[in-house]
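Tertiary structure, described
Spelled out, the chains give:
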Amino acid sequence: MKKELWNKLLFKYCNREVYSVFDQMKEFAFLIKIFYNETEKEETMKIFLTGEKQIGKSTCIQKFIDQNIVSVCGFLTKPLYEKDQRIGFYMHSLVEMERNDCRISIQHETYNEVIENIFNTFACEILDKSMQLKDHLLVLDEIGTMEKNEAKFIDRLYKAIEE
């Protein structure tokens, strides 16, 4: 399958006005599996899944990972709870690391306070290891505003996207 066709299919899928990700999961997984089988394994596959807040992007990614359709690398960001109260977010590596599940933010009443240098250190280490896994799908869940001041990570991210 040509990359242009894939991009059209993925764009069409991601921009639907259907917010039930669960109904679309099989189609999304099917498209990724087709593209994965058609790509050269010399480069890590990259797919951008975008959309409004709280429509199920992270859930879609997690369901996809749970189905073990392709090998994945990268990281997920997940909410951190204490006594049923969200107290921030943590980063979970999808590659083997000496340590995992690193807290990246502290939840305040109206905003999340980002813990400095976590993206510049932990996320960069994950990204470096992930970029060595050329036969894996690179997953970086929750690229957004939390890392906007982490210059080293942003530089690595651009390099990873360009590879």
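Cut-offs used in this document
- Residues numbered from 1 in each chain as written.
- Predicted model: local features only at pLDDT ≥ 70, side-chain atom pairs only at ≥ 80, totals over all residues.
- Heavy atoms only, no water.
- Helix = DSSP H or I, 4+ residues; strand = E, 2+ residues; numbered from the N terminus.
- Buried < 20%, exposed > 50% of the residue type's maximum accessible area, 1.4 Å probe, protein only.
- Contact = heavy atoms within 4.5 Å.
- Salt bridge = Lys/Arg side-chain N within 4 Å of Asp/Glu carboxyl O.
- pLDDT = per-residue confidence, 0-100.
- Core = buried A, V, L, I, M, F, W, Y, C linked by side-chain atoms within 4.5 Å.
- Axes fitted to C-alpha atoms, helices over the stretch in contact; angles between N-to-C directions.
- Parallel < 35°, antiparallel > 145°, perpendicular 65-115°, else oblique.
- Left-handed = near helix turned anticlockwise from the far one by under 90°.
- Nonpolar A, V, L, I, M, F, W, Y, C, P; charged D, E, K, R; others polar.

1. Observations regarding the overall build of the protein
The secondary structure content of the protein amounts to five helices and seven strands. Reading the secondary structure of the protein in the N-to-C direction produces α-α-β-α-β-β-β-β-β-α-β-α. Within the protein, the fraction of its 163 residues that count as buried is 37%. Across the protein, every contact between residues at least 6 apart in sequence was considered, and the portion connecting residues at least 24 apart equals 55%.

2. Some remarks on the pattern of salt bridges
Per the counting criterion, the structure on display carries two salt bridges. A salt bridge links Asp128 to Arg156, with the nearest nitrogen and oxygen atoms 3.0 Å apart. Taken together, the residues Asp128 in helix H4 (residues 118–130) and Arg156 in helix H5 (residues 151–162) connect sequence positions 28 residues apart. The class of Asp128 is partly exposed, set by a relative accessible area of 33%. Residue Lys159 pairs with Asp155 through a salt bridge whose shortest N-O separation is 3.2 Å. Remark: Asp155 and Lys159 occur in helix H5; sequence separation between them is four residues, near one turn of the helix. Its relative accessible area of 47% is what places Lys159 among the partly exposed residues. Residue class for Asp155 comes out partly exposed when judged on its relative accessible area of 39%.

3. A few points about the confidence of the model for the protein
Of the residues in the protein, 67% have a pLDDT of 70 or more, and the chain-wide mean is 75. The element-level mean pLDDT for the protein is lowest in helix H1 (residues 3–14), coming to 48, with strand E4 (residues 102–103) highest at 94. Taken as a whole, residues 5–22 scores under 50 in pLDDT and shows 29 contacts with residues more than four places along the chain or in a different chain.

4. Remarks on the nonpolar core
One recurring pattern in soluble globular proteins is that nonpolar side chains are buried together. By size, the foremost hydrophobic cluster in this structure holds 22 residues, and its most contacted members are Phe75, Met91, Phe119, Leu127 and Phe153. Among the secondary structure elements, those contributing two or more residues to this core are strand E2 (72–82), strand E3 (85–93), H4, strand E7 (137–140) and H5. In terms of residue count, H4 provides more of this core than any other element does, seven residues in total. If you look at the next biggest cluster of nonpolar residues, it comprises eight residues, including Phe64, Ile65, Val72 and Leu137.

5. Brief notes about the packing of H4 against H5
Where H4 meets H5, the axes come as close as 8 Å, and the angle between the chain directions of the two elements is 20°. Comparing the axis directions of H4 and H5 gives the class roughly parallel. The interaxial crossing formed by H4 with H5 has left-handed handedness. Together, Phe119, Asn120, Ala123, Cys124, Leu127 and Asp128 of H4 and Ala151, Lys152, Phe153, Arg156, Leu157 and Ala160 of H5 make up the contact between the two elements. Here the contact of H4 with H5 is composed, by residue class, of eight nonpolar, one polar and three charged.

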